[in-house]
Each structure stands twice: as C-alpha cells, then as structure tokens.
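Structural overview
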Amino acid sequence: MKTKDTSVRYESKYQQIAVEIAQRIVDGRYQPGERLNARSTLAGNFNVSPETARKAVNILEDLNIMEARHGSGSYVSSVEKAAAFLNRYNSVHTIQETREELLGSIARQREELEHFSSLLDKLVVQTNRAHNVAALVPYELPIPETCDKIGKTIGEMNLWHMTGATVVAIQRKGETIVSPGPYVTFRKDDILYFVGGEAAKQRMISYLFESSGDAPEP
C-alpha cells in the first residue's frame, strides 16, 4: 500500500530499502534519469522479492524522488528530494532513538526505585523485629535499701499500670523467683528483672526511685 506519511520510523523491509535507494541516489550510485527496474535490478541488488522492491519504489514515487513512466518503468528524478527525505528520516530516527533512550532511563530509574523501596521495606521489618526482640530482653535493676517501695507488693505498686513493664523475675539472696505474682514483696538488695522496652525501663526507674537520689544511670 502506498503512503505519503514520512513522519514514522521506517521499520519494514521495503521501507528500509526505500531509505537505502534514496541514500544511493544522494551518493550518486543511481543517477537522475536512470531507470531502476524493481523486478530485476532492485530485487537482485537487495536480495528481496520483486513485490518488496516494488513497494519500496512506490514510496519513492509518492515522494517524487522517482518517476513512474507508463509502459517504461521507474526513473530517478530528484537528488534534492532524496536528500530531503533522508534528512527527515534521520531526524525522526534520531527522535525515536532519543525517546527510546529516555524510556529506557525511566524504566531503569523505576527499577532502582522499586529496589530502593524493597530495601526500605526490608529495613523497616528488620528494625521492627529488632525492637520486638529488644522488648523481650529483660532489664536488670538492683533495689537499694533507700528505695521507698521496699516492703510493698507488686500488686500494691500496680507496676504494670504505672510503668508498662512486666516483672519476669526477682533475684533474692542467690535464688531466683520466676514470674513473681502480685503478692511478692520488694526487699532490700533484691535484683529486679523486667521487660517492656526502653520507655518502660525509664518509667520503672523514675517510679521506683522518685523519692530517693539513688536512681541508676539510664
């Protein structure tokens, strides 16, 4: 099918041959007035079928680069129009290549962004996991004789409500009381073990030592 649309990139075989014929005309390999037979000359030169060669010639005839003479064949008619056609083709070709390069760059950036997002999600998961693990590692807190909570039970102090920490053990004179209930009383020199994270640790220290000056370093 004939076409006058030269704003598209030529990709089919016959369109590529049309570009090559125009280039040969500009280079002087085909001279103005020279007869080019699609069936014999062009089909053989480009190793294509006569039909493909004919379609290539039709494009050049539509652009007035070649002239069809009834009963005689097709002749080269304009070097200038062949050059103009090549300039348009090369411009479109360059634009298309630039577009493809930009699309490729965008695709690579999208892949990098997805990779970055994946790494960020992984980091968040690992951070949350680390926080969760840290919250399960007991803090150790010695109770000195100056602590004003000595003699009170865990239930009386309402420790979990006041601090958010859970007492998991009390070490007393070389023995360990695991999971002490609400009726266990704090004694001098007890060592308290509790879980609940950094915030709970700070609240526990503040609560147990609010009336004394013996609070340990955070």
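One structure accompanies this document, and this report is about it. (Residues numbered from 1 in each chain as written. Predicted model: local features only at pLDDT ≥ 70, side-chain atom pairs only at ≥ 80, totals over all residues. Heavy atoms only, no water.)

Taking strand neighbours across the sheet as the criterion, the four strands line up as 4-7-5-6 in an open arrangement whose pairing is antiparallel. Lying at the two open borders of the sheet, with one neighbouring strand each, are strand 4 (139-142) and strand 6 (175-178). Within the sheet, the average angular offset between the axes of one strand and its neighbour, ignoring direction, is 25 degrees. Bridging between strand 5 (residues 166-172) and strand 6 involves four bridges; their strand directions are antiparallel. Bridged to alanine 169 within strand 6 is valine 178. (Pairing = 2+ DSSP bridges. Helix = DSSP H or I, 4+ residues; strand = E, 2+ residues; numbered from the N terminus. Axes fitted to C-alpha atoms, helices over the stretch in contact; angles between N-to-C directions.)

Turning our eyes to something else, we now look at unusual backbone geometry. In this structure, lysine 173 takes a positive phi of about 50 degrees despite not being glycine. Judged by relative accessible area, lysine 173 falls into the exposed class, the value being 85%. Even without a glycine there, the phi angle at serine 179 is positive, about 50 degrees. Its location among the elements puts serine 179 in the loop between strand 6 and strand 7 (191-195). (Buried < 20%, exposed > 50% of the residue type's maximum accessible area, 1.4 Å probe, protein only.)

In this section: the nonpolar core. The biggest cluster of nonpolar side chains holds 26 residues, and the ones touching the most others in it are Ile21, Tyr30, Leu42, Leu60, Ile65 and Phe85. Residue assignment for this core shows that the elements contributing at least two residues are helix 1 (13-27), helix 2 (38-46), helix 3 (50-62) and helix 4 (79-136). Broken down by element, the residue count for this core peaks at six residues, all from helix 1. With 20 residues, the next largest nonpolar core counts Val167, Ala200, Tyr207 and Phe209 among its residues. (Core = buried A, V, L, I, M, F, W, Y, C linked by side-chain atoms within 4.5 Å.)

Quick look at the pattern of salt bridges now. Enumeration according to the criterion identifies five salt bridges in this entry. Of the charged contacts in the structure, one is a salt bridge between lysine 149 and aspartate 148, with a shortest N-O distance of 2.9 Å. (Salt bridge = Lys/Arg side-chain N within 4 Å of Asp/Glu carboxyl O.)

The subject of this paragraph is the sheet that holds strand 1 (residues 35-36). Read across the open sheet, the three strands follow the order 1-3-2; overall the sheet is antiparallel. Edge positions in the sheet fall to strand 1 and strand 2 (66-69), since each of these pairs with one other strand and no more. Sheet analysis places strand 1 next to strand 3 (residues 73-76), joined by two bridges and oriented antiparallel. Within strand 3, the residue paired with arginine 35 across the bridge is tyrosine 75. Here helix 3 sits on the sheet and contacts strand 2 and strand 3; the angle it forms with strand 2, its principal contact strand, is near 105 degrees. (Contact = heavy atoms within 4.5 Å.)

The next thing to look at is helix 1. With 15 residues, helix 1 extends 21 Å between its outermost C-alpha atoms, agreeing within 8% with the 21 Å of an ideal straight helix rising 1.5 Å per residue. All buried positions along helix 1 are accounted for by Gln15, Ile17, Ala18, Val19, Ile21, Ala22, Arg24 and Ile25. Phi for glycine 28, located one or two positions after helix 1, is positive at around 90 degrees. (Expected span 1.5 Å × (residues − 1).)

Attention shifts here to helix 2. What sets the pattern is the α-helix's 3.6 residues per turn: residues three or four places apart point alike. Taken as a whole, helix 2 has its buried residues at Ala38, Leu42, Ala43 and Phe46. Projected down its long axis, helix 2 carries its buried residues within an arc of 100 degrees, all on one side. Against the buried residues of helix 2 lie helix 1, strand 1 and helix 3. Immediately beyond the C-terminal end of helix 2, within one or two residues, lies asparagine 47, with a positive phi of roughly 55 degrees. (Arc of directions from axis to C-beta.)

Moving on, we come to the packing of aromatic side chains. Going through the model one piece at a time under the given rule, you end up with one aromatic pair. Each ring, one from tyrosine 139 and one from phenylalanine 194, has its centre 5.6 Å from the other, and the planes form 35 degrees; the classification is tilted. Remark: phenylalanine 194 occurs in strand 7 and tyrosine 139 occurs in strand 4; sequence separation between them is 55 residues. Here the two residues tyrosine 139 and phenylalanine 194 agree in accessibility, since each one is buried. One cation-aromatic arrangement involves arginine 69 over tyrosine 75; the distance from NZ or CZ to the ring centre is 3.9 Å. Above the plane of the ring of tyrosine 207 lies lysine 149, whose end atom (NZ or CZ) is 4.6 Å from the centre. (Phe/Tyr/Trp six-rings, centres within 6.5 Å; stacked < 30°, edge-to-face > 60°. Lys NZ or Arg CZ within 6 Å of the ring centre and 35° of its normal.)

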